[in-house]
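Chains, contacts and geometry: an overview
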Amino acid sequence: MRLNLNRLDYTTLIGLVIAGVAIAGGLLLEGGSLYDLAQWAAALIVLGGTIGAVLLQTPLKTLKRACLRLRQVVIEPQLNPVQLIDEIVSFSILARRSKLLSLEDEAEAASHPFLSSGLSMAVDGIKLPDIRKALELEITLEEERARTDARVFESAGGYAPTIGILGAVLGLIQVMKNLSNTDQVGHGIATAFVATIYGVGFANLLFLPLANKIKSRAATEAAMKELMLEGISAIAEGINPKLIRPRLEAFIPMQDRSPARKLGEQKREAAA
């Protein structure tokens, strides 16, 4: 039975709140009003125009996948590398004592599907080069899919400011049509530029951060899969479990390593 390895990523929510409060607070400190930004026509132009441009350039299948990937922005996968290494080492000890075939049942119960798949291939007697080739291909393709999905939001971040300028120009056209009413000219110009604020704001506070978070998640996931791949290879090669742990712990910072291992490295550094 696999563990639930996900939790809510509060940094995403906190970041949005801080950005919103800072902008609104700055506006109020300057003597403005939140009502100044409540221009639904400007929001419609920017969001509608941006979504339309993204739809125009993005295949529907990619767009659906990118929207589904938004879950990774607010839900953080909890892959604890120390626990993962402990799990791999326990598998290696069992394989060394009772041969690889003894891992058949344990492989199905591994905490991550990637680890389960790799161990199953090793148990089935597939040669190590073929195992590495298959798993490395999976890592590469998944990273490329994540980058493709992130580019959807990067595109939205590129279009939004330009469409915001378009909205501002449309607003100015309406102002120019009513120059005879001098009392409304200043208000009309100020209102027109709200579209520009929306465009720049949506791009830099929403679309581009979403793209970067998706790529960050993909990089973290790829690193953990590389760790699992090294562990699977070591088990398939029959390497001593005592040698597997230091090999795998090279993937994580020293301060995050298991206490016993970290203490041993500190002692060696002190002796040197």
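Structure: see above.
Residues numbered from 1 in each chain as written. Predicted model: local features only at pLDDT ≥ 70, side-chain atom pairs only at ≥ 80, totals over all residues. Heavy atoms only, no water.

1. Let's talk about the overall build of the chain
If you tally the helices and strands in the chain, you get twelve helices and two strands. Element order for the chain, N to C, with α for helix and β for strand: β-α-α-α-α-β-α-α-α-α-α-α-α-α. Split into buried and exposed, the 272 residues of the chain put 36% on the buried side. (Helix = DSSP H or I, 4+ residues; strand = E, 2+ residues; numbered from the N terminus. Buried < 20%, exposed > 50% of the residue type's maximum accessible area, 1.4 Å probe, protein only.)

2. Concerning helix 11 (residues 241-249)
Along helix 11, the residues that are buried comprise Pro241, Ile244, Leu248 and Glu249. With its buried residues spanning 120 degrees around the axis, helix 11 presents them on a single face. Of the exposed residues in helix 11, the ones pointing more than 90 degrees away from its buried face are Lys242 and Leu243. The distance from a side-chain oxygen at the start of helix 11 to the backbone nitrogen of Lys242 is 2.8 Å, and the residue carrying that oxygen is Asn240. (Arc of directions from axis to C-beta. Polar contact = N/O pair within 3.5 Å; in protein donor to acceptor, adjacent residues only side chain to side chain.)

3. Considerations on the packing of aromatic side chains
Evaluation of the coordinates by the stated rule reveals two aromatic pairs. Aromatic pair Tyr198 and Phe202: ring centres 6.0 Å apart, planes at 50 degrees, arrangement tilted. Pair noted here: Tyr198 and Phe202 are both in helix 10 (residues 194-237), with a separation of four residues, about one helical turn. Between Phe202 and Phe207, the aromatic rings sit 6.4 Å apart at their centres with planes inclined by 40 degrees, giving tilted as the arrangement. With relative accessibility at 23%, the residue Phe202 sits in the partly exposed group. Since its relative accessible area comes to 12%, Phe207 is described here as buried. Through a chain of ring-to-ring contacts, three or more aromatic side chains come together here, namely Tyr198, Phe202 and Phe207. (Phe/Tyr/Trp six-rings, centres within 6.5 Å; stacked < 30°, edge-to-face > 60°.)

4. Overview of the environment of Glu237
Residue position: Glu237 is located in helix 10. Each C-alpha atom, one on Glu237 and one on Leu128, is 7.8 Å from the other, the two residues being 109 residues apart in sequence. In this structure Glu237 touches Leu128 and Arg247, once residues within four positions along its chain are discounted. (Contact = heavy atoms within 4.5 Å.)

5. A short note on the pattern of salt bridges
The final tally for this structure, using the stated rule, is 13 salt bridges. Across the pair Glu142 and Arg69 runs a salt bridge whose closest N-O atoms are separated by 3.4 Å. Here Glu142, found in helix 8 (residues 128-176), pairs with Arg69, found in the loop between helix 3 (60-68) and helix 4 (71-74); they are 73 residues apart in sequence, far enough to count as distant. Exposure remark for Glu142: the relative accessible area of 25% places this residue in the partly exposed category. Ionic pairing is found between Asp149 and Arg69, a salt bridge with its closest N-O pair at 2.5 Å. One end of the pair, Asp149, is in helix 8; the other, Arg69, is in the loop between helix 3 and helix 4, and 80 residues separate them in sequence. The same class applies to Asp149 and to Arg69, which are both buried. What emerges from the salt-bridge pattern is a single network uniting Arg65, Arg69, Glu142, Arg145 and Asp149. (Salt bridge = Lys/Arg side-chain N within 4 Å of Asp/Glu carboxyl O.)

6. Things to note about helix 1 (residues 10-29)
Two residues of an α-helix separated by three or four positions point the same way, owing to the 3.6 residues in each turn. In this model, helix 1 (20 residues) spans 28 Å end to end at C-alpha, consistent with the 28 Å of a helix rising 1.5 Å per residue. Downstream of helix 1 by one or two residues, Gly31 has phi in the positive range, about 90 degrees. (Expected span 1.5 Å × (residues − 1).)

7. Here's the deal with the nonpolar core
Core analysis: the largest hydrophobic core is formed by 32 residues, its most contacted members being Ile88, Leu115 and Leu119. At the level of secondary structure, the elements contributing two or more residues to this core comprise helix 5 (81-98), helix 7 (113-123), helix 8, helix 10 and helix 11. Take this core: its biggest share by element is eight residues, from helix 10. Those residues in contact with Ile88 that sit more than four places away from it in its chain are Leu115, Leu227, Met228, Gly231, Ile235, Ile244 and Leu248. Grouped together as the second largest cluster of nonpolar side chains are 14 residues, Val73, Ala160, Ala203 and Leu210 included. (Core = buried A, V, L, I, M, F, W, Y, C linked by side-chain atoms within 4.5 Å.)

8. Concerning the side chain of Ser155
With respect to the helices, strands and loops of the structure, Ser155 is situated in helix 8. A distance of 2.7 Å separates polar atoms of two side chains, one belonging to Ser155 and the other to Gln57.

9. Remarks on the packing of helix 2 (residues 40-57) against helix 8
Between helix 2 and helix 8, the least distance of the axes is 8 Å, while the angle of their chain directions is 135 degrees. Between helix 2 and helix 8, the angle falls in the class oblique. By crossing handedness, the relation of helix 2 to helix 8 is classed as right-handed. Residues Ile45, Val46, Gly49, Thr50, Ala53, Val54 and Gln57 of helix 2 form the contact with helix 8, whose participating residues are Val152, Ser155, Ala156, Tyr159, Ala160, Ile163, Gly164, Gly167 and Leu170. Classifying every residue of the contact of helix 2 with helix 8 gives ten nonpolar, six polar and no charged. (Axes fitted to C-alpha atoms, helices over the stretch in contact; angles between N-to-C directions. Parallel < 35°, antiparallel > 145°, perpendicular 65-115°, else oblique. Left-handed = near helix turned anticlockwise from the far one by under 90°. Nonpolar A, V, L, I, M, F, W, Y, C, P; charged D, E, K, R; others polar.)

Coordinates in, geometry out; function isn't part of it.
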